[in-house]
Amino acid sequence: MDNKIVINHLRELESESIHVVREVAAQFENPALLFSGGKDSIVMFHLARKAFHPAKVPFPLLHIDTGHNFEETIIFRDTLAKETGTELIVKYVQDTIDQGKVTEETGVNASRNLLQTTTLLDAIEDLKLDAAMGGGRRDEEKARAKERFFSHRDDFGQWDPKNQRPELWSLYNGKKNMGEHFRVFPISNWTEMDVWQYIYMENIKIPSLYFTHKRKVFKRDGAWLSIAPFMQLKDSEKVEELIVRCRTIGDITNTGLTLSKADNLEDIIEEIAAIRTTERGDRADDKRSEAAMEDRKKEGYF
């Protein structure tokens, strides 16, 4: 990458994000970084390491594990935490189900994605977190475009898009009442292309899922999904082995795969530059209704 304009742009985004991460450390007593093993949370962690170098990141990584994750993601998550000496806290949706707090969906379209919200809110309460940093970006989805850097949540963990605080210049207001907390989105102003170019520029390790590989998949509602033992197929759906990669990583049940031959970062960047659909375009959880993401966020989702 030798384009000075691109590099300068990325350094400006990096500086802004590092400033937000440091503001979190300064204003909150017990923050955590929400970590999924996806590219955005990996970049977030990289920025946090830069923000406090040579010291260790002063807050833990928190993963809400649905139990339906790609195996490669979990291996990457555990390896990264071990290699960097970072505290990793994992909370399991299965425990929330076993406790009777949520009911698991059934049927061919069953997903644990909605159930994550209860597990996350319980984790925030149990750990006494006053800030949870996430890798959400405004270009991902129209509901996320409404977010501030410091996104206030009430004492029920809920988000009111009409009651957010102004953020003038680079001033962030983290004042809260007892029981309230904030979700913080340091890479809000980044785009998908920015993320990939930054990963390339900084030579950041990412899970193998992002590169082309053979996988058993089936097509549902126009999207290719990976087959897993806990997924049911419709009579009309057939399993095929294709060359695919993940453009975004989430729960297996709703992560659409992309037919692709991109096996390196340069190819991925070229592919993203030419594509005309959003990275969440094949996320099944976003297709449940026109306002699916906003409804979930109001209830306490990421």
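Please read these numbers as outputs of a predicted model, since none were measured by experiment. (Residues numbered from 1 in each chain as written. Predicted model: local features only at pLDDT ≥ 70, side-chain atom pairs only at ≥ 80, totals over all residues. Heavy atoms only, no water.)

Notes on the domain arrangement of the chain
Then step 1. The domain boundaries assigned to the chain delineate domain 1 (9-194 + 290-299) and domain 2 (207-284).
Then step 2. On a C-alpha basis, the centroid separation for the pair domain 1 and domain 2 is 24 Å.
Then step 3. Where domain 1 meets domain 2, there are 2 salt bridges.
Then step 4. Here R247 ties to E192 by a salt bridge, and the two come within 2.9 Å at their closest N and O atoms.
Then step 5. Summed over the shared surface of domain 1 and domain 2, the result is 9 residue pairs in polar contact (both at pLDDT 80 or more).
Then step 6. Every element with two or more residues in the side of domain 1 that touches domain 2 is listed here: α2 (39-52), α3 (71-84), α6 (192-202) and α8 (292-299). (Domains from an automatic or database assignment. Salt bridge = Lys/Arg side-chain N within 4 Å of Asp/Glu carboxyl O. Polar contact = N/O pair within 3.5 Å; in protein donor to acceptor, adjacent residues only side chain to side chain. Helix = DSSP H or I, 4+ residues; strand = E, 2+ residues; numbered from the N terminus.)

Looking at the sheet that holds strand β6 (residues 181-184)
Then step 1. Read across the sheet, 6 strands follow the order β3-β2-β1-β4-β6-β5 without closing on themselves; strand pairing throughout is mixed. Looking along the sheet, the strands with just one partner apiece sit at the ends: β3 (88-92) and β5 (150-153). This sheet shows a mean twist of 30° between the axes of neighbouring strands, independent of strand direction. (Pairing = 2+ DSSP bridges. Axes fitted to C-alpha atoms, helices over the stretch in contact; angles between N-to-C directions.)

Focus on the pattern of salt bridges
Then step 1. A complete count under the given rule lists 15 salt bridges for this structure.
Then step 2. The partner of R11 in a salt bridge is E14, and the shortest N-O contact between them spans 3.0 Å. Taken together, the positions of R11 and E14, both in helix α1 (residues 4-27) and 3 residues apart, correspond to about one turn of that helix.
Then step 3. Of the charged contacts, one joins R220 and E237 as a salt bridge, the two residues approaching to 2.7 Å between their closest N and O atoms. Taken together, the residues R220 in strand β7 (residues 213-220) and E237 in the loop between β8 (223-226) and β9 (240-246) connect sequence positions 17 residues apart.
Then step 4. R220 sits in the buried class, given a relative accessible area of 7%. (Buried < 20%, exposed > 50% of the residue type's maximum accessible area, 1.4 Å probe, protein only.)

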